[in-house]
Structures are given as C-alpha cells and as structure tokens.
Amino acid sequence: MELTTAGMKARLLVGLLAVSPLLTVVSAQQTCKLKAKFNLNGFKNKDNKDIVLGGMFPVHNRLASSNDSTSSMPTSSDCEGFNFRAFRWAQTMRFVIDEINIRKDLLPNITLGYVIYDSCFTISKSVEGTLTYLTGQDEAVPNYRCGSGAPLAALVGAGGSALSIATARILGLYYFPQVSYCSSCSVLSDTFQFPSFLRTIPNDNYQSKAMAQLVVNFGWTWVGTIAADDDYGKYGIKLFKEEVEKAGVCISFSETLPKLYSQTTIQRIVDTIKKSTANIIVVFSSDVDFSPLMEELVNHNITNKTWIASEAWVTSALISMQEYYPILRGTIGFAIKRAVISGLFEFLNKIDPYATSDPLMREFWQRAYNCTLDDEYMRLRMETPIYSSNITESRIHTLNAIGQRICTGKETPESINNTYYDVSQLRITYSVYKAVYTVAYALHYMATCKEGKGPFVGNTCANISNFEPWQLMYYLKNLKFTALDNEAVFFNANGDVDAYYDILNWQINKDGKIRYVKIGYYNGTAPTGQEMSITNNSVMWNTNNFTQPPRSVCSESCLPGTRKGIRQGEPVCCFDCIPCADGEITNETDARECIQCGTDYWSNAKKDACVPKEIEFLAYDEALGITLIAVSVFGACVAFAVVIIYIIYRNTPLVKANDIVLTFFIQFSLIITFLSSITFVGQPQPWSCMTRHVSLALGFAICLSCIMGKTIVLMFSARAAKSKTPEKVNSEPIKPIHQKIIALVGSLIQVCGCTIWLILYPPYPVKNTASQNIKIILECSEGNIVFICCIFGYDVLLALLGFVFAFIARKLPDNFNEGKFVTFGMLVFFIVWSSFVPAYLSTRGKFMVAVHIFAILASSFGLLACIFVPKCYIIVLKPERNTDELVKSQPKLIDKSAPGTSTSLSSEINSTTVSTVSMTD
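Calculation criteria
- Residues numbered from 1 in each chain as written.
- Predicted model: local features only at pLDDT ≥ 70, side-chain atom pairs only at ≥ 80, totals over all residues.
- Heavy atoms only, no water.
- Helix = DSSP H or I, 4+ residues; strand = E, 2+ residues; numbered from the N terminus.
- Expected span 1.5 Å × (residues − 1).
- Buried < 20%, exposed > 50% of the residue type's maximum accessible area, 1.4 Å probe, protein only.
- Pairing = 2+ DSSP bridges.
- Axes fitted to C-alpha atoms, helices over the stretch in contact; angles between N-to-C directions.
- Disulfide = S-S within 2.5 Å.
- Salt bridge = Lys/Arg side-chain N within 4 Å of Asp/Glu carboxyl O.

**Student:** Looking at this structure, how should I read helix 21 (residues 736-760)?
**Tutor:** In an α-helix, one turn spans 3.6 residues, which is why side chains three or four residues apart end up on the same side. An ideal rise of 1.5 Å per residue puts 36 Å on 25 residues; helix 21 measures up with 37 Å between its terminal C-alpha atoms. Within helix 21, the full set of buried residues consists of P736, Q739, A743, G746, S747, Q750, G753, C754 and W757.

**Student:** What's the story with the sheet that holds strand 7 (residues 178-180) in this structure? I'm lost.
**Tutor:** In any sheet, the strands associate via hydrogen bonds between backbone groups, in a parallel or an antiparallel arrangement. Strands sit in the order 1-5-2-6-7-8 across an open sheet of six strands; the sheet is mixed. Looking at which strands have only one partner, the edges of the open sheet turn out to be strand 1 (42-45) and strand 8 (197-199). For this sheet, the mean inter-axis angle between neighbouring strands, taken without regard to orientation, is 20 degrees. Taken together, the three bridges between strand 2 (residues 51-57) and strand 6 (residues 152-156) define a ladder with parallel strand orientation.

**Student:** I tried to follow the state of the cysteines on my own but got confused; where do I start?
**Tutor:** By definition, a disulfide is the covalent link that joins the sulfur atoms of two cysteine residues. Tallying each qualifying case throughout the model produces nine disulfides. Sulfur-sulfur distance for the disulfide between C371 and C407 comes to 1.7 Å. Linking C371 and C407, the disulfide has an S-S dihedral of approximately 100 degrees and is accordingly described as right-handed. With C371 in strand 14 (residues 371-372) and C407 in the loop between strand 15 (405-406) and helix 14 (428-447), this pair connects stretches of sequence that are 36 residues apart. Considered together, C371 and C407 belong to a single accessibility category, that of buried residues. The residue that forms a disulfide with C580 is C594, at a sulfur-sulfur distance of 2.0 Å. On the sign convention where negative is left-handed, the bridge of C580 and C594, at about -85 degrees about the S-S bond, is left-handed. Linking C580 in the loop between strand 22 (575-579) and strand 23 (584-585) with C594 in the loop between strand 23 and strand 24 (595-596), this pair joins segments that are 14 residues apart in sequence. In this structure, C580 and C594 share a single accessibility class: buried.

**Student:** Even after reading the chapter, I still don't get the pattern of salt bridges, so can you show me in this structure?
**Tutor:** A side chain of one charge can pair with a side chain of the opposite charge if their charged atoms are brought near each other. In this structure the tally under the stated criterion is 23 salt bridges. Residue E128 is joined to K125 by a salt bridge in which the shortest nitrogen-to-oxygen separation is 3.5 Å. Here K125 and E128 lie together in helix 3 (residues 123-135), a separation of three residues that amounts to about one turn. By relative accessible area, K125 is classed as buried at 1%. Of the charged contacts, one joins R567 and D576 as a salt bridge, the two residues approaching to 3.1 Å between their closest N and O atoms. With relative accessibility at 27%, the residue R567 sits in the partly exposed group.

See the structure below:
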C-alpha cells in the first residue's frame, strides 16, 4: 500500500471508525459535521429512487500534487491523468442501472439510483468515497448516516485490489455488501478480514497458477518478474513464484514498480532487464503502474523479451499502443471472459458536453477530442445562426492563445481512436455489468420473498424499503443467475466466482494495429492437468521467425552423458554440464546425478548408456594363444623325442650309465609342464583352473625331485673325489634305490599338498572387474593364498636343493661334468621365475596369462636343453664317443695325491650318472 500523505490520511480515517464517534448529535436542530470536506467527483442519480447503489471507479490515475504546508487549512487533493477505460466502466454501471430500471421481470416497481465516485486509483480517495457514501452526504461523519432518502444497497468497486482492500475493511465493519469488478487479489478471499466482500472477477490464485503452468508448458526455466507495489502485485507474484519454483523454474530478477513515479527506480529496473539473460518477464501490475516502465523501455529499445501479462493490463489501451508494439510484440496474457453488451456503444455515444455541467463529462470530451469547451462560444452559437461572423475579435484572439480548437459538441467517435468507444474487448466492462446485476438479482429475490417462507429468524423476510446490509448479504452469497452468453454466476464460500481465462497473444494487423488473438484458455474448474489448452501454432512470438518460441534458460540443458553441476551462490537453474565419470551414465536430459553401471557393464563413449564390458581371456583362436599352444606342443614333442632317443639307444653305454627310470620320469614331468601351459589358454572353467595349477605344481615337483635325486649322487661323488683314502673314493654312499625313494618321496609330498588344496580351497574361475574398468578379465582364483604359496614354495625348495647339490658337484675333473649342466639348468629356472614375478605383476588380462605360460615354457625348455641336449648330442651325433671305455674307465689309485675322476668315483654306482665322456674329436 502507498506510504503517502494520502495513505496516512486514509489510515487515520479508518481508525476513526474503531473508536467512539467524534461528534455527538446534541439536538435535532443540529447537523452532523466533520472538520474537513472531501473533494469528490462522480455521478449522482439518487433523487426519487427506491434503492441506491454505490460505485467506485479509477477515472483518474493519480492525485495531483498539493501544498503540504500546515499554515492553512488542508484540502482534499484533486485528481489528474484521465483514464478513458475506467470512465467507460463507470458509464457501464450507469447503463446497466438504466437497463434494469426499464425491465419488467427484474425489480418491478423498484427504481435503482446510483452514487458513483472517482477513486483516482488511490487509497485515500477510495476511503473518502466510501465514508461519503455511507454517510449519505458530502460531509462524511463516521458511524452516522446523516442523510435521508433511499436505502443503500451495496458498493460496486472500488477498482484495484489495494483500493478494494481499504474500502472492504471499512464496509466489513458494518457488514455492508461490496461487489468488486476488478479486484482479484487473493487476500480478499479471507472472509475473516473481509466478511462482506464478493467479486465477479476470478481470484488471482488461479491466474498465478495459470501463469506458472504457461511458463512450464513452454519449457522456460529462467524468468524475471515485475510486480506493482500494492497487494495485487505482491500477492500475485508471490504465488506465481511459489508455483514455478515447485516445477524447477528459477527467478532471474524480481522488481517492484513504484506507485509514485521515480526516474531512478524505473531506470534501475530497465538496467536489470537489459543485464538479465532471462527472455521471459512476468508482469503482475495495473496498466497505470506499468506505463512509465514501458516508456523507458521504448527509449532503450529493448525488443528481445517476451512478456507475460496479467489480466489488469493485457487488453489495456494505455499499454497496447502502437509505439510500444516493438517491445511487447508476442505478449501472452490472461484475460477474463468477454461479452458483447447490446446497446452499450449507443449509450456511450450519447454525451452532449454542452448539455451537462458534470466535470467528469466535460473533462472526458476535451481530452478525448483534444479541444476546448467554451461556454461563451456555445452562447454565441445559440444566439446567432451564423455564429462565426459574430464572434468578437478579442474572443478569437483568446481562444487562439489557449492553443486548442473549440469543441463543437458534434464530434464523432469515428474521428478519433479512443479506448472509451472500443467495445471489442469488453472484459472488465462485462465484469462491471455482472457486478451490478448481482446486486439487482439479490434485491429482486429479497423483494419477492413471501412472508412465512423467508430465510431469517421465524421465516421472516426483509423489508425491501428498509433492509439491513447483512440481510442483503445473505441473498448475495446464495445467489445464482445467468448472465450474458448463458454464463452462470454464483459465489463460493469465499465470495469468489469460477476461474476462467482467455489466453491472448498480441499480434499486429495488416494496418499496423495491435489485435488480441485468443490462442487458448484456462479453466480453473477442470480436472487436474487439463486446466490449460493452447494452440501453439497460432502463437506469434517475439523472435526472428515469429513461429519459434523463445528460449529462456540460465544454462542450456545437459545432454545425456552429463550431469548438472550447481554453481556456487547461483540459482539451481544456473549450472555447468559435467561429463559423467567412467563407468557412470545419464540417459536423460538435465540429470542431477550420474548412474553407476552394473558390475558387468561399462559406460559407452557418450556416457549415455551402459554396455556390456569386453570379456577378455587368452583365447584359442587368437594369434598369441595359437603361438603359445604351438610352442607348448613343440616342447612336449622334444621331451618325447628325448624319451624315444633313450629307448632307441637304451643299450648304449651312455644311456646305461644313467638311471633310465629317473630319466623317463623327468621327461614325463617335462611333458606335463609343457602341456599344462595349454590349460592356461581358453576361457577359464572350474576343471581348467584346477588342472592348470595342479598339473604345473606336480610336473615341476616330479621333475625337480628326480633332478635332486641325481644331483645328490653328484654331490657325494664330488666329496669322495676330494678324499685321500681309496676306501672313500670307491665307496657307494647312495644306492640307486635311494635315488628313486628320494624322487618318490619328493613327489608324494607335493601330491599330498595338491590333494589337500583341491579339497579345501580348490581354484575356481572368477570375473576380475577391478584390474581394468572397461573389461571383465576371466581368470582363475587360486582359492587360498597360503596354499598356493606353500605348493609352489615347495617346488622352489626342491629347485634350490637341486641347485645346491649340483653346484657342489660342478668342479668334478671330467670332460663331461653333468653337475655343471644341471647347475646351468637350475640357474635358468631361477632366472626365468625371478623375472616372471615382476612381469606377472605389471601385466593385466590375457597378457598376464601369456607371461605365466612363457615362464612355464622357458623354465621347461631351460631344464630340457641344459640337462639332456648335451647327452642327446653325443648319443645321436657323436656315437664314437659313446663307448664303454669312456663310460667305465677305472679309477687311478697309485698316485694318492692325484684327484680321482667322476668315472673312477661313480661308474660303480650302477652307472647313475655320466662321469667321463670325452667331448673332443
């Protein structure tokens, strides 16, 4: 509400009603007086009338400036800024009352009168008019009706919501009926504060929701709001914000239009609009308050915004001027129902400015036709037929000095473009029509009440010539009648009517004039979700191609594959689009969070879908797998070839000198290790996981146990060779059966360990999703880390013992010393598996398996090549060296100081090892 001198005066006047009367009627001869007299303009027709209706219309826009000095008696301010549209509303009330008075079916034998005041669109004038109306004379006396005559029925008015709130607080004290035609503020539905208020315009709750639904319907998430600095604007925009924020729409800016013109404030609002990236602006204001901002927007040529209009200005001629069209082109707004009122235009056109002394009529004519009413001119015209020749020179000079032409009184509406005569969009005018008829029908039902069937205590009726306000309120609240176009008019418990709005779009005719095109409607009584209907292809937008709706977002939508990242300190509609992390997706627009893909899935390149992870294992049909299998088979064939050579040459001295059983077991174990590498190829299965690890462990255990049995003999031979006594040199510390027992025991220990392993914690296939995000690596889990370490640690122990025994026997003084070759073989074994560990740990997937296979093959080939290739070389390629003389040479015992040879020391131990074979030609 306005914080002006007039507003303060209004509050003081309202406060007077809450206390005891200031004046006391001393005697019948004394008259009621007040300290000051109000300055009100309007229309009165109450003489000889049965019932009087009050009316309040904002014929002027504002109060004229006045002298605030306290050195003289204060006077009520005059009004300025003539409002042709509101003047038409006031004339409509007069027209409707005249129409009712001549009807025979409505209030027969009862004549209605009226008292209509100009509220000047200010609270103070509204309060002045209300008090004057209640008092019954120009001097208002609180709590007293000093005038006599026809009873007062109801007040139609008082214009804007802020004005009606002020008057309703006064009228509510007396439960005096008030029917408003354009006060739509939601707070007026509070029957506790405003018990006698009704209205024929929908509650703004519906309009605010309709605006919010319109914004959501077109996908706008970034809007600005402008509201008038009164209850209409504040409550309307407040509910709009609440509704759109529920739908995720953000407010770019929120500005308030000043009630009193302020260039600084208007300029600040314009700057805010220019800086904002919001292309949609919602305005909840009257045309009077919005007009100054429009003028400034035109000066700055701000043409890239789309405006959402409330019903208070959507069809206002004050705003829909041609010079504003570049700014407001494509405006969408909500308008109440319209109707064609028969006979209204003719009534509006029946004004004779020279036949009335009413100031409002005369001011209207002069402003509408831009001329001057001159009584002297009229007198001269009436006295002289040819009046122009009889006007004195001084009179002509005076009129010319004024700078306006003389009104003839015969001007026609066709000569001007004035909203007063525009009856094409009768919306508020139709609401005035319904408001007056509402009171008339309530009075009619009151007048036709039959005694004994009345609604009041004792089934009584009210006296139509002397009724109480609360009695009329009963009929108003329970009223239902049919207006134009068969519209049913009735009020709910809050004094509101059903909400129905036409959705209008501002378009331009071929002649350059603005026209309001209906593009849809909003029905507040429709089922949820079906309230609004819009024909999108009929909308003319304020964009370059006119048919494409504008976009109004703080940030563009985040496409699938990205999520919203809220900017610190900014509204939620302002965000950055952050790509989803690997393994996460979003499959919808403007997702707030990314969705984690399942264990067996991974995000695609666009991060908008989860796709199955690539399954990786060393397959049989790929080049690496085929190569490793081929090498494994080749190694097994080589080992088998050695067995064949030993079988073919089993009767040769060199083969006989070796324990053929242990040799065959070594070759058999090497074949197992070669072939076990094949089980590492292919998709892991439960049987393959158990087979690959167990066969590898057992294969090496058998091989290394047999080698250890052979190297023990070499070790004791070397120790005997160092002895000085012939007994020790020719002694037999290890018998052949002992070697076999050592090999058997070493192998059985591993067999027992593997059996326990397979029973308690068998290896099994697993899906490794941790090593590589985009792949599922199919591999075998060893089951238990302790067991796998023990099993293969045992193989390492056997290899270490074999290496130590061979290393001790490496310096036997023979041309062919098997200890050296075993030592080399074991060194290769250790080098391979020592290199395997870091290589294995640094690889992933199928290459890890390939490294494992390579280590198996390399170590197996190393043992095969270092231990058996030299023997096969002599057996196959140097048969002349494979003789008994070389194999069974006698030891030399004459020279005790000379060291013995391996042949002389070990040829008697059942030819277990090759002791001396000449490698020379």
